[in-house]
Amino acid sequence: MRIWFDGALRDADSARVSVFDHGLTVGDGVFETLKAEQGRAFALTRHLERLVTSARGLGLPAPDIDEVRRGCAAVLEANPMAFGRLRITYTGGDSPLGSDRGDAGTTLVIALAEATRRSDTASAVTVPWTRNERGALTGLKATSYGENVIALARAREQGASEALFGNTVGALCEGSGSNVFVVIDGELHTPPLTSGCLPGITRALTVSWTGAEETDLPLDVLERADEIFLTSSLRDIQAVTRIDGRQLAAVPGPVTAKAMRVFAERTAADFDPR
C-alpha cells in the first residue's frame, strides 16, 4: 500500500505521523472520505471544497488543493482496485501537548483502502446523546469523532449498522456517518443544515436531484415515516428497513427506489458533479 504523506508517495510502513501531531493529541484536524471506483474519486471537487471550508472553520490554514489533487491521483494510481475508500486527513501538525497549536506546519495524509459495496438496506437505532447545533464544530468534517465511535458501538450492540442523533431541541439531525431522509405522505424530507447535521456531499446531490425538502423534523418522525433512507459517500442511498425495532418494508420503498435510480443514473453520467 502506498500513501501520500509529507508531499510524496511512501510505503505504508514508512508513513508515520509524529506522536505530537495535533490531530492525534487533541483531534485538531479535518478529513474527507470519498468513494473510489476504478481509479477515480467520486465528487472530488465538492469534497475538496468542503475540506477547505472545514479547515478554515477549525482555524487551520487552507490546504494546498493542487497538492491534494496530486496526492489523490498518485494514491489512486499506485493502489489499483475496483472499489475503495479514499481518505484525506489534514491536521494541525506537530504541536505542544495541549490545545495550543505549534508552528511546525500542517500534516496531510491521503490513503486508500479496499471497501465493500453497501447493501441496498440497513437497520438503525436512535441514541440518547445529542448533536449540538450551535457547537464550534457544527457543520465541519472534523477528526474529533469520539461521539460517533460511541454511538456506532451502541448501534452494533443492538444489531444495527447506523446510529441516528437528535439535536438539543429534539429535532432529527443525522447519523454517526450519514445524513437521513424520510418520506411522509409521499413527500421526501431531510433535516436542514441548521439542525446541526453535516453538509454531506451525497446529501446535497440527493436534494438537488430529487427535489427533497429541507424541513425541521421532530426526532419522533422516525416512528411514523413511510420510508427512511441514509446517504453518505460509500452508502450512496441506502434504505432503512428497521428503526428502533420498528419494521419497515423489507425492500426500498417507491420514493427511495426512485431516488436510488436517479442517483445511480446521474453519477454514471458525471463522476465529478459540481
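Before we move on, could you go through the sheet that holds strand β3 (residues 29-37) and cite the residues and values that matter?
Each strand in a sheet pairs with its neighbour through backbone hydrogen bonds, running either in the same direction (parallel) or in the opposite one (antiparallel). Reading across from one edge, β2-β1-β6-β5-β3-β4 is the order of the 6 strands in this open sheet, with antiparallel pairing throughout. Each of the sheet's edge strands pairs with one partner strand only, and the pair in question is β2 (8-11) and β4 (40-41). Pairing analysis gives 2 bridges linking β3 to β4, with the strands arranged antiparallel. Within β4, the residue paired with Glu37 across the bridge is Arg40. In the packing of helix α2 (residues 44-58) onto the sheet, contacts are made with β3, β4 and β5 (83-91), and the angle to β3 comes to roughly 170°. Its contacts with the sheet place helix α3 (residues 65-78) against β1 (2-5), β2, β3, β4, β5 and β6 (107-114), and it is angled at close to 30° to β6.

Requested: an account of the pattern of salt bridges, with residues and values cited.
Evaluated as defined, the whole model comprises 14 salt bridges. In this structure, Glu32 and Arg50 form a salt bridge, with 2.8 Å as the shortest nitrogen-oxygen distance. Here Glu32 is found in strand β3, whereas its partner Arg50 is found in helix α2, with 18 residues between them in sequence. Given the relative accessible area of 0%, Glu32 is considered buried.

Residue-level account of the environment of Arg131, with values.
Tracing the sequence through the fold places Arg131 in strand β7 (residues 121-131). Taking the C-alpha atoms as reference, Arg131 lies 33 Å from Ala104; in sequence the two are 27 residues apart.

Break down the packing of aromatic side chains for me, with residues and values.
A complete count under the given rule lists 5 aromatic pairs for this structure. Between Phe42 and Phe263 the ring centres are 6.2 Å apart and the planes differ by 65°, which places this aromatic pair in the edge-to-face class. Of this pair, Phe42 sits in the loop between β4 and α2 while Phe263 sits in helix α6 (residues 254-269), and the two are 221 residues apart along the sequence. A single burial state applies to Phe42 and to Phe263, both of which are buried. Aromatic side chains Phe181 and Phe229 sit 4.9 Å apart centroid to centroid with 15° between the ring planes, which places their arrangement in the stacked category. Placement of the pair is Phe181 in strand β10 (residues 179-184) and Phe229 in strand β13 (residues 227-232), with a sequence separation of 48 residues. Phe229 carries the same exposure label as Phe181, and that label is buried.

Definitions and limits used
- Residues numbered from 1 in each chain as written.
- Predicted model: local features only at pLDDT ≥ 70, side-chain atom pairs only at ≥ 80, totals over all residues.
- Heavy atoms only, no water.
- Pairing = 2+ DSSP bridges.
- Helix = DSSP H or I, 4+ residues; strand = E, 2+ residues; numbered from the N terminus.
- Contact = heavy atoms within 4.5 Å.
- Axes fitted to C-alpha atoms, helices over the stretch in contact; angles between N-to-C directions.
- Salt bridge = Lys/Arg side-chain N within 4 Å of Asp/Glu carboxyl O.
- Buried < 20%, exposed > 50% of the residue type's maximum accessible area, 1.4 Å probe, protein only.
- Phe/Tyr/Trp six-rings, centres within 6.5 Å; stacked < 30°, edge-to-face > 60°.

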